[in-house]
Amino acid sequence: MSESLAERASHPVAELALTGDLAHPARLTVRHLRAWPQHRARVSFECATSGVRHHRFEGPLLHEVLSGAAPAFDPVRRKDRLRFLIAVSGTDGHHALLSWAEIDPDFAGAPVLLALSIDSSPLDRWGPQLVLPQDRCGARHVSGVDAIRVDGGYAAWA
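Presented here is a report on the structure given in the accompanying data block. What you are looking at is a predicted structure, and each value in this text was computed from that prediction instead of being measured.

What follows is about the packing of aromatic side chains. With the rule as written, the count across this model stands at two aromatic pairs. Between Phe-73 and Phe-84, the aromatic rings sit 4.8 Å apart at their centres with planes inclined by 85°, giving edge-to-face as the arrangement. Linking Phe-73 in the loop between α3 (62-68) and β5 (85-90) with Phe-84 in the loop between α3 and β5, this pair joins segments that are eleven residues apart in sequence. Look at Phe-73 and you get partly exposed, because its relative accessible area is 28%.

As structure tokens, then:
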């Protein structure tokens with residue numbers, strides 16, 4: 001069933017801000033995120049209040065989306081990308097922190113998704129959901145992702 005223009009106008013499209021140490025910061029909607037290759041994941045995670053939950057998610061890999069924004073890695077510094085952190089926040093009030101090494105295929109290569117659908121239901125109005133299929137607990141799943149900050153501003157220890 002399709003929506004009328006009036007119904008679409010009454011439900012603004014969710015948008016997420018990519019900020020931080022990036023050559024191409026951006027504001028993205030689910031529609032923009034559909035331009036990246038889509039990946040599927042069946043995820044089971046333990047929820048403290050309702051037991052084990054099973055879902056199917058589909059969306060682009062977080063690594064691919066962030067790589068498209070061109071993080072400011074210093075090519076002269078060996079393994080510079082390992083000092084970068086990724087802070088994710090959502091409209092659900094949840095926050096998660098990841099390291100670049102977690103999502104980089106040269107290191108842990110975790111298939112972290114910015115899911116655009118859950119169980120075949122689109123998330124266009126609510127925004128993407130951060131999904132970490134490798135996590136046993138769903139605590140780092142962030143719904144309605146509205147901001148992702150990539151930060152490499154951590155100085156080396158003396």
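What follows concerns the pairing of β5. Here five bridges tie β5 to strand β6 (residues 95-99), and the two strands are oriented antiparallel to one another. Its bridge partner being in β6, Val-88 is matched across the sheet by Ala-96. Linking β5 back to β6 in an antiparallel pair, the connection comprises four residues, with Gly-93 at a positive phi of about 85°. Bridge analysis of β5 against strand β11 (residues 145-151) gives six bridges, and the strand direction is antiparallel. Looking across to β11, one finds that Leu-85 is bridged to Asp-151.

In this structure, Val-30 sits in helix α2 (residues 30-33). Judged by its relative accessible area of 1%, Val-30 falls in the buried class. Spatially, the C-alpha atom of Val-30 lies 8.7 Å from that of Leu-16, the residues being 14 residues apart in sequence. Every residue in contact with Val-30, bar those within four places of it in the chain, is listed here: Ala-14, Leu-116, Leu-123, Asp-124, Gly-127 and Pro-128.

Topologically, Val-131 is positioned in strand β10 (residues 129-131). Residue Val-131 is classed as buried on the basis of its relative accessible area of 0%. Considered as a pair, Val-131 and Val-142 are eleven residues apart in the sequence and their alpha carbons are 7.2 Å apart. Leaving out residues up to four positions away in the same chain, Val-131 has contacts with Val-43, Phe-57, Pro-111, Val-112, Leu-113, Ala-115 and His-141.

Rules of the game
Residues numbered from 1 in each chain as written. Predicted model: local features only at pLDDT ≥ 70, side-chain atom pairs only at ≥ 80, totals over all residues. Heavy atoms only, no water. Phe/Tyr/Trp six-rings, centres within 6.5 Å; stacked < 30°, edge-to-face > 60°. Helix = DSSP H or I, 4+ residues; strand = E, 2+ residues; numbered from the N terminus. Buried < 20%, exposed > 50% of the residue type's maximum accessible area, 1.4 Å probe, protein only. Pairing = 2+ DSSP bridges. Contact = heavy atoms within 4.5 Å.

In short, geometric facts, not functional conclusions.
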